[in-house]
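Letter by letter, the chains look like this.
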Amino acid sequence: ETGVTQTPRHLVMGMTNKKSLKCEQHLGHNAMYWYKQSAKKPLELMFVYNFKEQTENNSVPSRFSPECPNSSHLFLHLHTLQPEDSALYLCASSPLRGGTGKGETQYFGPGTRLLVL
Amino acid sequence: QKEVEQDPGPLSVPEGAIVSLNCTYSNSAFQYFMWYRQYSRKGPELLMYTYSSGNKEDGRFTAQVDKSSKYISLFIRDSQPSDSATYLCAMSERNTGNQFYFGTGTSLTVIP
């Protein structure tokens, strides 16, 4: 496996369910991100982890709970979601800041398309 | 005012045309500028990356950054049907954590 992988690719859940999204990066990066992508809107940054430590939480509702056990893996635990949470959830990774090389940008996984009924 | 503005399109061009995609931004501290291509039902794929001002060319793609006007462009020469996708611009500051700011994306269709 290369790059950034995400599972599952598609998920349908009811509002009372609990599910988890998984992300794994094989690029040796130290920063990982969760984004939400909805139609006609810019990517919304949800969470950022640097060296397994959460550094950003952009006012995300508590029904979304991230977990980063190590620099290669990132999870997003979901519970009691709302229909408006239906979206494409993207994981990304990047090296940490420093220098001016290409590696400073982000690399995305294919996303998990979530539908909340 | 949004940090990054991008015309969502849709943009439709005939095969072989030159395509120009643009973004404007408000934060003069942005130093890194990126273009991503996103096919339907896929994650964004890094296409071009530029640091500070100037031009960068990669095959049929040219990225331009004009920091004085806070304006970036992506040009696609000899456009192909396989270029049909949504193009996202993104940018970030140099030393303020890991915050990346994205445009809404421009949907492009290249007609054979």
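Residues numbered from 1 in each chain as written. Chains lettered and ligands numbered in written order. Predicted model: local features only at pLDDT ≥ 70, side-chain atom pairs only at ≥ 80, totals over all residues. Heavy atoms only, no water.

J.: Which residues make up the overall build of chain A, and what values go with them?
T.: When helices and strands are tallied, chain A shows zero helices and 11 strands. From first element to last, N terminus to C terminus, chain A shows the α and β order β-β-β-β-β-β-β-β-β-β-β. In terms of overall dimensions, chain A is globule-like: its C-alpha atoms have a radius of gyration of 14 Å, near the 13 Å expected for 117 residues. For chain A, the C-alpha atoms occupy an extent of roughly 45 × 30 × 30 Å along the three principal directions. Per-residue burial over chain A gives 45% buried out of 117 residues. Counting contacts in chain A only where the partners sit at least 6 residues apart, residues at least 24 apart contribute 54% of the total. Surface summary for chain A: the accessible area is close to 5,400 Å², and the carbon and sulfur share equals 51%. Mean positive and mean negative side-chain charge positions of chain A (12 and 9 charges, respectively) differ by 6 Å. (Helix = DSSP H or I, 4+ residues; strand = E, 2+ residues; numbered from the N terminus. Rg over C-alpha atoms; globule rule 2.2 N^0.38 Å. Buried < 20%, exposed > 50% of the residue type's maximum accessible area, 1.4 Å probe, protein only. Contact = heavy atoms within 4.5 Å. Areas by Shrake-Rupley, 256 points an atom, 1.4 Å probe, with all protein chains shown as cover. Lys, Arg positive; Asp, Glu negative; His and termini not counted. Charge placed at Lys NZ, Arg CZ, Asp CG, Glu CD.)

J.: Outline the sheet that holds strand 7 (residues 61–66) of chain B, supporting the account with residue identities and numerical values.
T.: Residue and element names in this part refer to chain B. Spatially, five strands are ordered 1-3-8-7-6 in an open sheet, and the strand pairing comes out antiparallel. Edge positions in the sheet fall to strand 1 (4–6) and strand 6 (54–58), since each has one partner strand and no second. Mean inter-strand twist for the sheet, computed between neighbouring axes without regard to direction, equals 15°. Bridge count between strand 3 (residues 19–25) and strand 8 (residues 71–76): six bridges; the pairing is antiparallel. Across the sheet, the residue bridging to Ser 20 is Phe 75, located in strand 8. (Pairing = 2+ DSSP bridges. Axes fitted to C-alpha atoms, helices over the stretch in contact; angles between N-to-C directions.)

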